[in-house]
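Examining the three-dimensional arrangement
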Amino acid sequence: MIGTGSTGRRNSPGKDYTGTNRQAAPAPASEAPNITRPRRILFIANDLPLPTLEISFLHPLAPLIETGAIVARCVEEFDLKTLAKGRRGPDGQRPIDNLVAEFDPDLVVFCRYSGPYTDVIVNASRAMGRPVIFHIDDDLLNVPRALGVKKFVRHNLPPRKRTLRYLLANADLIYASTAPLATRLTSLGVTRPIVRGALVCAADVIVPAEVRAVKTIGYMGVDHANDLKMVLPDLIEFLDEHE
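Per chain, residue numbering runs from 1 following the sequence as it is written. This being a predicted model, a pLDDT of at least 70 is required before a residue's local features are given, and a value of 80 or more before pairs of side-chain atoms are given or counted; all residues contribute to the totals for chains, interfaces and linings. Calculated side-chain values reflect all of the structure's heavy atoms, with hydrogen atoms and water omitted.

1. A closer look at the pairing of strand β4 (residues 70–76)
Quick note on the threshold: Note on classification: 1.4 Å probe, protein chains only; a residue is buried when its accessible area is under 20% of the maximum for its type, exposed when over 50%, partly exposed between these limits. Helix and strand definitions here come from DSSP, where helices need a minimum of 4 consecutive H or I residues and strands a minimum of 2 consecutive E residues; each element is numbered from the N-terminal end. Paired strands are those between which DSSP finds at least two bridges.
Burial runs high along β4: seven of the seven residues are buried. Burial of β4 is two-sided: the residues I70, A72, C74 and E76 facing one way and the residues V71, R73 and V75 facing the other way are all buried. Looking at chain direction, strand β2 (residues 15–18) and β4 are connected through three bridges and run antiparallel. Bridging across to β4, K15 finds its partner in C74.

2. Digging into the packing of helix α2 (residues 77–84) against helix α3 (residues 89–103)
Here is the rule we go by: In this analysis an axis means a line fitted to C-alpha atoms, helices contributing only their contacting stretch, and an angle means the value between N-to-C directions, from 0 to 180 degrees. The cut-offs work like this: below 35 degrees is roughly parallel, past 145 is roughly antiparallel, 65 to 115 is roughly perpendicular, and the gaps in between are oblique. Residue contacts are counted whenever heavy atoms from the two residues lie within 4.5 Å of one another. Put simply, Ala, Val, Leu, Ile, Met, Phe, Trp, Tyr, Cys and Pro go in the nonpolar bin, Asp, Glu, Lys and Arg in the charged bin, and everything else, Gly too, in the polar bin.
The geometry of α2 relative to α3 is characterised by a closest axis approach of 7 Å and an angle of 125 degrees between their N-to-C directions. Considering their axes alone, α2 and α3 lie oblique with respect to each other. Between α2 and α3, the contacting residues are L80, L83 and A84 on the first element and G92, P95, I96 and L99 on the second. Split by residue class, the contact of α2 with α3 holds six nonpolar, one polar and no charged.

3. Here's the deal with the confidence of the model for the chain
Reading predicted coordinates in detail is not appropriate for stretches of low pLDDT. How we decide: A residue's pLDDT is simply how confident the predictor is in it, with values from 0 to 100.
Across the chain, pLDDT averages 84, with 84% of residues at or above 70. Averaged over each element, pLDDT in the chain is lowest for strand β1 (residues 3–4) (44) and highest for strand β5 (residues 107–111) (98). Note on residues 21–33: pLDDT under 50 across the span, and 14 contacts to partners over four residues away in sequence or across chains.

4. Describing a nonpolar patch on the surface
Quick note on the threshold: Excluding any residue in a salt bridge, patches collect residues exceeding 30% relative accessible area, merging like charges within 9 Å and nonpolar Val, Leu, Ile, Met, Phe, Trp and Tyr side chains within 5 Å. Accessible areas in this description were obtained via Shrake-Rupley with a 1.4 Å probe; residue shielding takes into account the shown protein chains only. We define a salt bridge as a side-chain nitrogen of Lys or Arg found within 4 Å of a carboxyl oxygen belonging to Asp or Glu.
Residues Y219, L228, M230 and V231 make up a contiguous nonpolar surface patch of roughly 380 Å² in combined accessible area. Within the secondary structure, V231 sits in helix α8 (residues 224–241).

5. Let's talk about α3
Definition in use: The span you would expect from a helix comes to 1.5 Å times its residue count less one.
The terminal C-alpha atoms of α3, which comprises 15 residues, lie 22 Å apart, in line with the 21 Å expected from a rise of 1.5 Å per residue. G92, P95, I96, L99, V100 and F103 are the residues of α3 that are buried. The inward-facing, buried residues of α3 contact β3 (39–45), β4, α2 and α4 (118–127). Looking at the residues trailing α3, positive phi occurs at D104, about 55 degrees.

6. What to know about the packing of α3 against α4
Put simply, the test is: Crossing chirality is assigned from the near helix's rotation relative to the far helix, an anticlockwise turn below a right angle marking it left-handed and a clockwise turn marking it right-handed.
Following both chains from N to C, one finds α3 and α4 inclined at 45 degrees, their axes separated by 9 Å at the closest point. With respect to each other, α3 and α4 are oriented oblique. Crossing geometry of α3 relative to α4 is assigned as right-handed. Contacts between α3 and α4 involve Q93, I96, D97 and V100 on the former and, on the latter, V120, I121, A124 and S125.

Next comes the structure, spelled out in structure tokens:
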């Protein structure tokens, strides 16, 4: 289980993910990194909790977080706005610079982020010699109205599109969730290095696969947790009737 708690710094924004065992587990001699502290990763997201962040990073990294090999801090847009108090220029930049310097990350990951102060964080990271990754799992530059008016309006706000374009042009690495998305980003003119996902959040096999007749259920949702919760009783009944 991942513990959440302080990394020894008080009154810091965001949520820290640390292991119950704070001593990093030793790596095999052939793979042992030349470090004297856990790897520190700063995640930036629009809102927390974010399913994409959990599925793509926090869950796969959970064993390393639990042993203390990795310390992660997740910061959302609200945290940055609160720190800066809506100010731009040096007065707004200073507290965000301090946030990055205080946590002292080895890596900064923007996960689907389209909020403000992105350039401040990227510049602060660069000044410290830290790499920046932009993780994206949808074509956020072209969100269709079919996903709902609220999402359509929010994602198509000019400031949010500017942030996306900035990250696509300035991140050290673009992490696209799928090969088609990587191809799409390239077609949109992205020239930064792109890696693409293969298996997202692979897990242990719960039920071995077998060749048999199957029933197929179509599904499309917007808020997956609430959508699936709503239909769960019917799914259970259906499975019980078709064992």
